[in-house]
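Chain residues, written in single-letter form:
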Amino acid sequence: MYSDDLETFSGSASETSESDSTDRSHVEQQSTSATSAKPRKRKCPPRKRVFKDNWLQVTEFKNWLSKKTAPSGEMKPFCKLCTNWLTCSMTAIKRHAASQKHQARIKMSATTGSIAQLMRQTTNSDATTSMEIKLCAFITQQNLPLSISEDIVELLRSLFPNDAALSYLKLGKQKATNIVRQVLANEDPSHSNDRILASLQNRFTQAYLEFLSYQLERLNAFNRLFQSERPLLHMLKPEIESLIKSIACDFMKIDIVKSTSPNKLNPTDVNQHVPLSETYVGLGATATIHEIASVAGKADVDNFLTTCKNFLIESILQIQSRFDLDDPLKIR
């Protein structure tokens, strides 16, 4: 009897064990099935960066950042000073703004001004001088106090805000007094044009005009080439590159100009410049400067050469900003 009970218990335990094993296997299969049936997460494509127009309103970027169509067809930030495309990211724009190249361009643009300003500098100076003399003559003829000179200048500026000569005019009481004592006391105001003529006869003025004549001849030759009735677009890129290199050779080291692509030249890098005295300003201006170097001070000659070099630097920057040499058919 005891033996029968033991066999019965053993058989029951075996069945229970097999049942438990079967249940666990079934649960594991269900768990595995549930896990495998769980949907996979799809990877999201990277977010496309777009240009934000409010970047153009940031004070730090206003003078050089622009929105342009990149060669890829996308609208991207573009630095007008460095002629570089930037990534559509505020971080990338700020990083570029802090770069050494960009900072150097900003400093240079602040000192050189535009080509038009450099060309008008002498004319505006002469017109301003004539205006100062005539104003002082008017004040003395009307028996007005010289202290009124500043008020008259402000009045004229408000009446003629676009007058270039007025923008350079500075006529305080002390300056007006000096003009009356040193100029009007020995000169009829109606003959003030003689002073302008004397200024034009100044040898440095002659040298400036000779330098500008040399540059205009170079630029006009480029313009005349593309005024032809024949299609010449295929010549655009090589002619622009030749023009940039021709200008660069006047003040930059020859080996750098020859080994660097014209659109990669950095005319603002003073380490790539020849010594100031070796700046080439054309045959006429060079001859004039040699003639007056013995009587003129070195500072005056250096000032002349610096002004001419700034003109050449600005010329290259202007050309680089207007022509995309990677796409010669595209003119900005």
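See the structure shown above.
Keep in mind it's a predicted model, so treat the numbers as computed, not measured. (Residues numbered from 1 in each chain as written. Predicted model: local features only at pLDDT ≥ 70, side-chain atom pairs only at ≥ 80, totals over all residues. Heavy atoms only, no water.)

Quick look at the pairing of strand β2 (residues 75–79)
Next, step 1: Across 5 bridges, strand β1 (residues 65–69) lies against β2 in antiparallel orientation. Bridge assignment links leucine 65 to a residue of β2, and that residue is cysteine 79.
Next, step 2: Between the end of β1 and the start of β2, which pair antiparallel, lie 5 residues, with glycine 73 showing a positive phi angle near 95 degrees.
Next, step 3: Relative to strand β3 (residues 84–85), β2 runs antiparallel, the two sharing 2 bridges. Within β3, the residue paired with cysteine 79 across the bridge is asparagine 84. (Pairing = 2+ DSSP bridges. Helix = DSSP H or I, 4+ residues; strand = E, 2+ residues; numbered from the N terminus.)

So, helix α2 (residues 90–97)
Next, step 1: Residues Ala92, Ile93, His96 and Ala97 constitute the buried set of α2. Each buried residue of α2 lies within a common arc of 140 degrees when the element is viewed along its axis, so the set occupies one face. Seen from the open side of α2, the exposed residues pointing more than 90 degrees away from its buried face are Thr91 and Arg95.
Next, step 2: N-cap assignment for α2: the residue whose side-chain oxygen lies 3.2 Å from the backbone N of threonine 91 is serine 89. (Buried < 20%, exposed > 50% of the residue type's maximum accessible area, 1.4 Å probe, protein only. Arc of directions from axis to C-beta. Polar contact = N/O pair within 3.5 Å; in protein donor to acceptor, adjacent residues only side chain to side chain.)

A short note on the packing of aromatic side chains
Next, step 1: For the structure shown, the criterion picks out 7 aromatic pairs.
Next, step 2: Among the aromatic residues, those joined into a ring-pair cluster are Phe204, Tyr208 and Phe304. (Phe/Tyr/Trp six-rings, centres within 6.5 Å; stacked < 30°, edge-to-face > 60°.)

Some details on the nonpolar core
Next, step 1: Phe204, Phe211, Ile240, Val281, Ile289, Phe304 and Ile319 are the most contacted members of the largest nonpolar core, which totals 34 residues.
Next, step 2: For this core, the elements supplying multiple residues, two or more each, are α9 (203–225), α10 (236–248), α11 (254–259), α12 (283–292) and α13 (298–322).
Next, step 3: It is α13 that provides the largest number of residues to this core, a total of 10 residues.
Next, step 4: Ignoring sequence-local partners within four residues, the contact set of isoleucine 319 consists of Ile240, Leu243, Ile244 and Ile247. (Core = buried A, V, L, I, M, F, W, Y, C linked by side-chain atoms within 4.5 Å. Contact = heavy atoms within 4.5 Å.)

Details of the sheet that holds β1
Adjacent strands of a sheet pair through backbone hydrogen bonds, lying either parallel or antiparallel.
Next, step 1: Read across the open sheet, the 3 strands follow the order β1-β2-β3; overall the sheet is antiparallel. One side of each edge strand has no neighbouring strand; the edge strands of this open sheet are β1 and β3.

Structural notes on the pattern of salt bridges
Next, step 1: In the structure shown here, the tally under the stated rule is 4 salt bridges.
Next, step 2: Linking aspartate 250 and arginine 218 is a salt bridge whose minimum nitrogen-to-oxygen distance equals 2.9 Å. With aspartate 250 in the loop between α10 and α11 and arginine 218 in helix α9, the pair connects residues that are 32 residues apart, well separated along the chain.
Next, step 3: In this structure aspartate 250 comes out as buried when scored by relative accessible area, which is 6%.
Next, step 4: In this structure, lysine 298 engages aspartate 302 in a salt bridge whose closest nitrogen and oxygen atoms are separated by 2.7 Å. Here the residue lysine 298 and the residue aspartate 302 both occupy positions in helix α13, the gap between them amounting to 4 residues, near one helical turn.
Next, step 5: By relative accessible area, which is 64% here, lysine 298 ends up exposed.
Next, step 6: Residue classification places aspartate 302 among the partly exposed positions, given a relative accessible area of 23%. (Salt bridge = Lys/Arg side-chain N within 4 Å of Asp/Glu carboxyl O.)

Purely spatial values, then, with no claim about function.
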